[in-house]
Amino acid sequence: MPQPGSNYAQPSERGWFGNYGGRFVAETLIHALDELQALYAEACADQQFQQRFSQDLARYVGRPTPLYFAAGLSAELDGPQIYLKREDLNHTGAHKINNCIGQALLAQRMGKTRVIAETGAGQHGVATATVAARAGLECQIYMGTEDIARQALNVYRMKLLGAEVVPVSSGSKTLKDAMNEALRDWVTHVDNTHYIIGTVAGPHPYPQLVRDFQSVIGQEARRQCLELAGRLPDVLVACVGGGSNALGLFHSFIDDVNVRFVGVEAGGHGLETGRHAAPLNAGAAGVLHGNRTYLMQDGDGQILATHSISAGLDYPGVGPEHSHLKDIGRAEYDSVTDEEALDAFRLLNRTEGIMPALESSHALAWVVREARHLAERVVIVNLSGRGDKDIQTVAAIDGTTL
Amino acid sequence: MSRISAVLNGLRGQGRKALVPFITAGDPNLETTAPALSALARAGADLLELGIPFSDPEADGPAIQAASERALAAGASLADALQCVRAFRRDNAHTPLILMGYLNSILAMGEERFAQQAGAAGVDGLIVVNLPPEDSATLRRALAAAGIDLILLAAPTTADDRLSLIDRSAGGFIYLVSLKGITGADHIDVAAVQHHLGRLRQRTRLPVLVGFGIKDGATARKIAEQADGVVIGAALVAHMGALQDDPAAIPAELECRLREIRQAMDG
């Protein structure tokens, strides 16, 4: 929900964050987006809705999540004072559930009986299937066949939760293609279906409402950091695929101009190889999935295949607000490779007894790499999800069959 | 008056309806496209729609997705699509040709540059599936300078006041999407189409062509009772898919299929 008194009033009424965002969809969907926007504005002003959202987050999701001082990791890196925002401790194991709780309430308020979602790593699919089960909504999850193969555990979880997982074998068979297919479903079943987009991308009002629902992360972290460290943090670090966990953390600090924002994209095999998923570092502005934003694309505007060890970051676009924050210089965006992320994954297991998701390991890896420049700094890393779902991937890299 | 308006006005004057086939540029290879367009014109197409291949055609069903994938596999780009138009124009200077695609292709080339090159190649109209009228002003100006109409879509879900906005921003004709769904869908409801046509007619004097899900001559005929014309895409494109290993046979096949539809439609 908008921060009272903030100088930062984005997006515009029509969904623009500077030059990014907008509503680039088939005409058939415009009405549903208008309806969602109006209903969301109404919900923002409705005390009861806000109360219900907060209650669900407290009693069902388990919020607030701790801000944990990682003494072992800080000692190991001998530089920054590292705090972990423990979104991995949420119900279903990642930050994704915050947004799904909010959108399920919106779906019910609109009288929709069915929800759909796209998923890459499966975390958003699991979170959507979870809220659908709880609210008694029919649920279909679109997932690329390549992701189905590497996230078998989450696929089965979604089935146990009563959702139908629909394999998508078009294009690159990953998250972007799942999103195409979800848009095709939505345009066909728009009367009874709400599309729960899982990240701060898509047509307006999604980038705004997903950010707002996720901003609970930063609201808590800001308060907790003042309590624990006695001051505001110097640096916030989060991984960026679509970018919802990053904006969720950053948003409450937007007016704290001395707090540095760092978004970490998936560098894959290295930016120079072209096999990565880092549009803010190596892409160009364009239009995909309803919004204008940085994209990985060729000179003909074709969207390029991406690569990341982490399915949740394997996406050629990024939320439009990140594109805006990059252009105005409020946030900086860097990347780490698959290998750096894997090393950080292992390091956190060893030093803290915490198994991070491979997505979140990208944020950690940036801190590891930059530690010598961060001496004495208070750094908050968004530990956006837990790594149980990635055990098979890591085991396969180690040559172990489970 | 644009070539599109001239043709549609002429048809209106004769009490005839426009038949508009759609194929994707470069499907299954670049050599086939110009002869296929010529064959469709011979078979009675009044206007032609040529798809710009795109990696993420989110409003298209399986048939046109597959056409885009075949074209991209053959290396087709927007520049190649314009080359196909130039080749077709050597043969045919009178049938209006409309490019249809997604906004990112146009942005990658640059709106101005696209408009100039498309105009020079002989393109008459452009449909951008994911460009709402609110954000179309820049492109519309660039296209107007090149003599190209920006054709806008209306949908069954479009509210009445928005239909008026679309009317104010559109050129050439309005493309009414027949159903809630994607191209090639199989749940077209003729009565519903007529209802939405009625709503639209009250708010526009532009011709209205209907597309999405029209697969055969009989349906085309029923829709054309009220509309100024129909667009047929996925049904034709599916035949091209079946002949992808024998592309030389495609123009004759398209000519035969479209002639059947033309006859059924005209009765």
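Just above sits the structure.
Residues numbered from 1 in each chain as written. Chains lettered and ligands numbered in written order. Predicted model: local features only at pLDDT ≥ 70, side-chain atom pairs only at ≥ 80, totals over all residues. Heavy atoms only, no water.

S.K.: Got a minute to help me understand helix α10 (residues 216-228) of chain A in this structure?
M.R.: Each α-helix turn comprises 3.6 residues. Residues three or four places apart therefore point the same way. A rise of 1.5 Å per residue sets the reference length of α10 of chain A, with its 13 residues, at 18 Å; its end C-alpha atoms lie 18 Å apart and thus fit the reference within 8%. In the segment just after α10 of chain A, Gly-230 of chain A is the residue with positive phi, at about 80°. (Helix = DSSP H or I, 4+ residues; strand = E, 2+ residues; numbered from the N terminus. Expected span 1.5 Å × (residues − 1).)

S.K.: How should the sheet that holds strand β2 (residues 48-51) of chain B be read in this particular structure?
M.R.: Where strands meet in a sheet, backbone hydrogen bonds hold them as pairs that are either parallel or antiparallel. Residues and elements named next belong to chain B. Strands sit in the order β1-β2-β3-β4-β5-β6-β7-β8 around a closed barrel of 8 strands; the barrel is parallel. Neighbour to neighbour, the strand axes of the sheet diverge by 25° on average, direction disregarded. Pairing between β2 and strand β3 (residues 97-101): 4 bridges, direction parallel. What sits directly across from Leu-50, in β3, is Leu-99. Relative to the sheet, helix α11 (residues 234-242) contacts β1 (18-24) and β8 (229-232), its axis offset from that of β1 by approximately 40°. (Pairing = 2+ DSSP bridges. Axes fitted to C-alpha atoms, helices over the stretch in contact; angles between N-to-C directions. Contact = heavy atoms within 4.5 Å.)

S.K.: Help me understand the interface of chain B and chain A in this model?
M.R.: Accessible area lost when the parts come together is the quantity often used to give the size of an interface. Taken together, the contact pairs 37 residues of chain B with 34 residues of chain A. Interface area for chain B against chain A, summed over the two sides, is near 2,700 Å², with a carbon-plus-sulfur share of 48%. It is Asp-56, Glu-58 and Asn-104 of chain B that lose the most area in chain B upon contact with chain A, and together they represent 23% of the buried surface on that side. Counting across the interface, chain B meets chain A through 4 salt bridges. Linking chain B with chain A are 18 residue pairs in polar contact (both at pLDDT 80 or more), by the criterion used here. Of all the elements in the fold, those that place two or more residues in the side of chain B that touches chain A are α3 (62-73), α5 (103-109), β5 (149-154) and α8 (160-169) of chain B. In terms of residue class, the side of chain B that touches chain A is built from 19 nonpolar, 10 polar and 8 charged. (Buried area = accessible area lost by both parts, 1.4 Å probe. Salt bridge = Lys/Arg side-chain N within 4 Å of Asp/Glu carboxyl O. Polar contact = N/O pair within 3.5 Å; in protein donor to acceptor, adjacent residues only side chain to side chain. Nonpolar A, V, L, I, M, F, W, Y, C, P; charged D, E, K, R; others polar.)

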